[in-house]
Amino acid sequence: MSIQENALRAEKRKKLHALREKGINPYPYTFENKTAIKEIVEKHAAGLQAGEKKPESVYRIAGRLMTLRLMGKACFFNVQDQSGTVQVYVKTEELAEKEKAAFDLVDLGDIVGVEGYVFKSQKGEFSIYLKHFEILTKSIEPLPEKFHGVQDVEIKYRHRHLDLMTDADSRKVFETRSKIISEIRRFLDARGFMEVETPTLQPIYGGAAATPFTTHHKALDMKLYMRISPELYLKRLLVGGFEKVYEISKNFRNEGIDRTHNPEFSLLEFYEAYTDYNYQMNQFEELVSGLALKITGSMKVSYQGKEIDFTPPWRRLTVHDGVREYAKIDPDKATDQELFEAVNKMGGDLDAPGKRGEMIMELFELTAEQHLWQPTFVMDHPKEISPLTKIHRGDDRLVERFEPFAACMEIGNSYSELNDPEDQLARLKEQEASRGTDEEAHPMDEDFLLAIDAGMPPTGGVGLGIERIVMILTDRPSIRDIIFFPTMRITK
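Computed from a prediction, not measured in an experiment: that's the story for all the values here.

## Things to note about the side chain of aspartate 107
Part 1: Take aspartate 107: it is sitting in the loop between α3 (97–104) and β4 (111–120).
Part 2: On the accessibility criterion, aspartate 107 (14% relative accessible area) is buried.
Part 3: Within the local environment of aspartate 107, its side chain forms a polar contact with the side chain of lysine 138, the two groups lying 2.7 Å apart.
Part 4: Once you skip the residues sitting within four places of it in the chain, aspartate 107 turns out to touch Lys12, Lys15, Leu65 and Lys138.

Below is the structure:
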């Protein structure tokens, strides 16, 4: 989108040139000894009485000028930095000549430096009494309407800086996202996990059922894939002797965009040797319930007007039991034809009966997931859809896998990881054979198989979708609300 010059931009540009003509640099290099606004307010606001001044308490603050109320030779304006907002009072006649000239050419949206002492106005408003003033950055683009911020969601997502400038709630969401990631790291670090990094560009993609983005490396003249998951590389590290590893990584899947999906997303994956999915189920509960408590102050959180109770233990629901309960069909007794007919009756679109396990899983997705508002571990998936997972020790039709759900969204995934090299080879061969009809089937990765041949210990692996847990803990309906720069269509 090209930048459109308009009357407001022209006026601001005129003031920029006027500043330069007066010998005032509208873009100085530094502003030293700055104090955060929040720190000043917390230190002094409660102790001051209306009309009281503290000339000895002088501070330097810097931030964006958000409001300006002219009152003859005096005025009030508000300055906003990352920590908060404060009112500033100025008598322009008290400013030095050059500072007054700068103040006369200031606009909403400019970044300014202020030095002054704290006081409370006669109305009891905590303020800074201005003694020195400086323009630190002259803005050219006008601010959005100051009282309501950015209302157009297209502009909010496409021009996030305008949203963050004018909406304190939006800034809070992203601060909370950062805290959530920090808490995840703290949880895992305290349990002896090591944070690692694995390749984003991969010669063979894997670790999930998804369509990758592709690129080309000129120097090596080879096709590469943006990673869809770090799983296969993290497992190599377990083979190498690291017993507890995790990665918080960007992943890329060439799929649709909706309120819970963005092509680029953040994923936590961690792997712990000598554990299984039962152990990790308990650890996952502890991680997420602890996040809820730390971030919101309670394990019971409100999401889109309804309560979610993350207090352990969570409900355990097998895929087969879910089909029995919500699709009203017994997957152990139904024939393939009956499963096929049930899938299409419930809204599926199969031309012919597929693999039995795939039809059972589709029935679950069509009928059960919409009911999983409270935290639920969906367990024991069909073998056909889980090529990297150990066979269930009690039923060889199934694998030891769980998917945690909350707010009717899948928020993670976990396996008792497959470490039998012959079984792994057989299942990847089966996936490879289906790639002609299933573009999301797992490709053959001989380097990964070679690592498994060397011996990977019994392992429990877990994935957690960062964006979806952030959506829930910040009460945001769309994934675009909690990604700084979501993927958007290019506009002309």
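## Points about the packing of aromatic side chains
Part 1: Going through the model one piece at a time under the given rule, you end up with 19 aromatic pairs.
Part 2: Ring centres of tyrosine 89 and tyrosine 129 lie 5.4 Å apart, and the angle between their planes is 65 degrees; on these two criteria the pair is classed as edge-to-face. Placement of the pair is tyrosine 89 in strand β3 (residues 84–91) and tyrosine 129 in strand β5 (residues 126–137), with a sequence separation of 40 residues.
Part 3: Residue tyrosine 89 is classed as buried on the basis of its relative accessible area of 15%.
Part 4: Using a relative accessible area of 6% as the deciding quantity, one classes tyrosine 129 as buried.
Part 5: Considering the side-chain rings of phenylalanine 174 and phenylalanine 484, the 4.1 Å spacing of their centres and the 10 degrees angle between planes classify their relative orientation as stacked. Here the residue phenylalanine 174 occupies a position in helix α6 (residues 168–190), and phenylalanine 484 occupies one in the segment after α14 (466–474), the gap between them amounting to 310 residues.
Part 6: Members of the aromatic cluster, connected to one another through ring pairs, are Phe76, Tyr89, Tyr117, Phe119 and Tyr129.
Part 7: Over the aromatic face of phenylalanine 187 sits the side chain of arginine 191, whose NZ or CZ is 3.6 Å from the ring centroid.

About the thresholds
Residues numbered from 1 in each chain as written. Predicted model: local features only at pLDDT ≥ 70, side-chain atom pairs only at ≥ 80, totals over all residues. Heavy atoms only, no water. Helix = DSSP H or I, 4+ residues; strand = E, 2+ residues; numbered from the N terminus. Buried < 20%, exposed > 50% of the residue type's maximum accessible area, 1.4 Å probe, protein only. Polar contact = N/O pair within 3.5 Å; in protein donor to acceptor, adjacent residues only side chain to side chain. Contact = heavy atoms within 4.5 Å. Phe/Tyr/Trp six-rings, centres within 6.5 Å; stacked < 30°, edge-to-face > 60°. Lys NZ or Arg CZ within 6 Å of the ring centre and 35° of its normal.

Limitation: the analysis is restricted to geometry and does not speak to function.
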